[in-house]
Amino acid sequence: MFRGVSLLSKLRSRIGEQSTLKSSVRWLQIQSSSNLDLHSELKELIPEQQERLKKFKAEHGKVQLGNITVDMVLGGMRGMTGLLWETSLLDPDEGIRFRGLSIPECQKLLPAAKPEGEPLPEGLLWLLLTGKVPSKEQVDALSKELRSRASVPDYAFKAIDALPVTAHPMTQFATGVMALQVQSEFQKAYEKGIHRSKYWEPTYEDSLNLIARVPVVAAYVYRRIYKDGQFIPLDDSLDYGGNFSHMLGFDSPKMQELMRLYVTIHSDHEGGNVSAHTGHLVASALSDPYLSFAAALNGLAGPLHGLANQEVLLWIKSVVDECGEIITTEQLKKYVWETLKSGKVVPGFGHGVLRKTDPRYTCQREFALKHLPDDPLFQLVSKLYEVVPPILTELGKVKNPWPNVDAHSGVLLNHFGLTEARYFTVLFGVSRSIGIGSQLIWDRALGLPLERPKSVTMDWLDSYCKKAASP
Ligand code: CMX
């Protein structure tokens, strides 16, 4: 029995309740279908969306979306609208919506491995790609398809083995992903002269293969570095998140649930963040999904972006080393000020777009309250929520003093035994393959062009501003 229709009506009534729900919900109003196969589903959707974009461009192409200021040019393009990214949208106050659905809505509506459980990342992949909430049958079929695509060629492991075991896990992971590129279907098709209207098809193959294979590569890196190279093969009975946890060596049901939640909430965060934007930019040159995603990973590996999850746990552990496990508020305040005075950022706090607590933080906190309320590091994270924002506000320049996704993820993983902080960004990277891979398929389906913004020099700005100021 197909559950899509009842889910959709459930969703519509929820949407009615949500006065804040934005226009991206439009996607969810598309009639659900009974296709069990994601490719067939997309094949139906793509012509509609191509037509929609063409018409929209013809009708509204000249509408202005705001003014560009010098501050924006000098300030990392903050607040400058300049990208089309269909899979998700970030509201500064409300946080992320995946095709119109908030995280709590995804937790309610997407199929889970068990009753009341966390959403299956495969369900999110279906949602991101189609704008539809999938049925359990559709998600099970997609799980199976991903398992069938998960075989990693031996040379990818050998490429990783060529690096010293001490190389950062993100370097090893990105190297493995680059080696997977040898099997790119897009590259082969392009060399054979594929017509541009068909680009999305080999991009689909590459993206799905990439999404299926990255957990295997990531688990290999983990077991190579931390478990003497004792690798664990994929389990054919498990879903995407469960399998990833299993291949890493964690078979407890709670850790598997955590991994499903983790992958789901880290998958996508609209298009402007460094990793998503890098993937999109590189792909705009018609580089295939492997090349684009490997580039995205290198951006994710920076401490102001994905590496912050490593930095948070290391920082929290350094607090404990210095102050002990029972820490007073005064001690904590002092430690935060010392961090700031030594010219460092407080990792896990602040955001380029968000202006409230990140809902990805909130759902991880709820997970902790349910499964590990007495964990001392969780309690420390809770205390930091009280101590850090007022201090960052006092600095007077921080636009968002609230915690982001990275402030919480490490203590959850640490609780279940995944204690190696240097590895954490790899988990973020695996999750991002779902968001970036999905958008790349739409980039090619919609025929999005080469990205090429204009840059200027200081002299140019100077003379422009002088001219603008003269009567
Ligand atoms: N600790 C100390 N200073 C901070 C800060 C923090 N957590 N967050 C912002 N600031 C500072 C900035 O460094 C900047 O200082 P300068 O003007 O002296 O350069 C000033 O406050 C204004 O920054 P902003 O406009 O509020 O924030 P940005 O958009 O420039 O930067 C971010 C956003 C995330 C890089 C920043 O908040 C930060 O460095 N946070 C800590 C690192 C982190 O948690 N990154 C993960 C983000 C989520 C993710 O991508 O995974």
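Look a little higher up for the structure.
Thresholds applied
- Residues numbered from 1 in each chain as written.
- Predicted model: local features only at pLDDT ≥ 70, side-chain atom pairs only at ≥ 80, totals over all residues.
- Heavy atoms only, no water.
- Core = buried A, V, L, I, M, F, W, Y, C linked by side-chain atoms within 4.5 Å.
- Buried < 20%, exposed > 50% of the residue type's maximum accessible area, 1.4 Å probe, protein only.
- Helix = DSSP H or I, 4+ residues; strand = E, 2+ residues; numbered from the N terminus.
- Contact = heavy atoms within 4.5 Å.
- Near = heavy atom within 4 Å.
- Polar contact = N/O pair within 3.5 Å; in protein donor to acceptor, adjacent residues only side chain to side chain.
- Areas by Shrake-Rupley, 256 points an atom, 1.4 Å probe, with all protein chains shown as cover.
- Nonpolar A, V, L, I, M, F, W, Y, C, P; charged D, E, K, R; others polar.
- Pairing = 2+ DSSP bridges.
- Phe/Tyr/Trp six-rings, centres within 6.5 Å; stacked < 30°, edge-to-face > 60°.
- Expected span 1.5 Å × (residues − 1).
- Lys, Arg positive; Asp, Glu negative; His and termini not counted.
- Salt bridge = Lys/Arg side-chain N within 4 Å of Asp/Glu carboxyl O.
- Patch = residues over 30% accessible without salt bridge, like charges linked within 9 Å, V, L, I, M, F, W, Y side chains within 5 Å.

Student: I'd like a description of the nonpolar core, backed by residues and values.
Tutor: Core analysis: the largest hydrophobic core is formed by 117 residues, its most contacted members being Phe-173, Leu-248, Ile-316, Leu-418, Tyr-423 and Leu-427. With 14 residues, the top contributor of residues to this core is helix α10 (residues 200-226). Leaving out residues up to four positions away in the same chain, Tyr-423 has contacts with Pro-169, Ala-218, Ala-219, Val-221, Tyr-222, Tyr-226, Phe-244, Leu-248 and Leu-418.

Student: Account for the site of the ligand, naming residues and giving values.
Tutor: Among the 20 residues in the neighbourhood of the ligand, the closest are listed as His-305, Gly-348, Lys-397, Lys-399 and Asp-406. The contact in question runs from a nitrogen atom of the ligand to an N or O atom on the backbone of Val-346, over 2.9 Å. If the ligand stood free it would expose 890 Å²; the protein chains cover 76% of that surface. Tallied by class, the residues present in the shell around the ligand amount to 10 nonpolar, 6 polar and 4 charged.

Student: Help me get a handle on the pairing of strand β2 (residues 95-98), residues and values and all.
Tutor: Bridge count between strand β1 (residues 88-91) and β2: 4 bridges; the pairing is antiparallel. Of the residues in β2, the one forming a bridge with Asp-91 is Gly-95. Counted between consecutive antiparallel strands, the loop separating β1 from β2 contains 3 residues.

Student: Would you mind going over the side chain of Glu-105 in detail, with residue names and values included?
Tutor: Counting through the fold element by element, Glu-105 comes out in helix α4 (residues 103-109). Within the structure, Glu-105 has its side chain in polar contact with the side chain of Arg-97 (distance 3.0 Å). Among the polar contacts made by the side chain of Glu-105, one reaches the main-chain amide nitrogen of Ser-102 at a distance of 2.9 Å.

Student: Got a sec to walk through the packing of aromatic side chains? Specific residues and values, please.
Tutor: All chains considered together, the criterion is met by 15 aromatic pairs. Both rings, one in Phe-186 and one in Tyr-199, keep their centres 5.5 Å apart while their planes meet at 65°; by these two values the pair is edge-to-face. Here the residue Phe-186 occupies a position in helix α9 (residues 185-191), and Tyr-199 occupies one in the loop between α9 and α10, the gap between them amounting to 13 residues. A relative accessible area of 13% places Tyr-199 in the buried class.

Student: Kindly report on helix α17 (residues 359-371), identifying the contributing residues and their values.
Tutor: For α17, spanning 13 residues, the distance from its first C-alpha to its last is 18 Å, which sits close to the expected 18 Å at 1.5 Å a residue. Where α17 is buried, its residues contact β2, α4, α12 (253-266), α18 (376-395), α19 (406-415) and α20 (424-445).

Student: Could you give an account of the side chain of Asp-406, naming the residues involved and the relevant values?
Tutor: Among the structural elements, Asp-406 can be located in helix α19. Among buried charged residues, Asp-406 stands out as having no salt bridge; its nearest opposite-charge side chain is Arg-360, 6.3 Å away. Ignoring sequence-local partners within four residues, the contact set of Asp-406 consists of His-305, Gly-306, Ala-308, Asn-309, Val-312, Gly-348 and Phe-428.

Student: Before we move on, could you go through a nonpolar patch on the surface and cite the residues and values that matter?
Tutor: On the surface, a cluster of nonpolar side chains totalling about 670 Å² of accessible area is made up of Ile-68, Val-70, Val-73, Leu-74, Val-456, Trp-460 and Tyr-464. Of all the secondary-structure elements, those providing two or more residues to the nonpolar patch are α3 (70-74) and α21 (458-469). Counting residues per element, the nonpolar patch draws most heavily on α3, which supplies 3 residues. With respect to the helices and strands, Trp-460 occurs in helix α21. On the basis of relative accessibility, which here comes to 42%, the residue Trp-460 falls in the partly exposed class.

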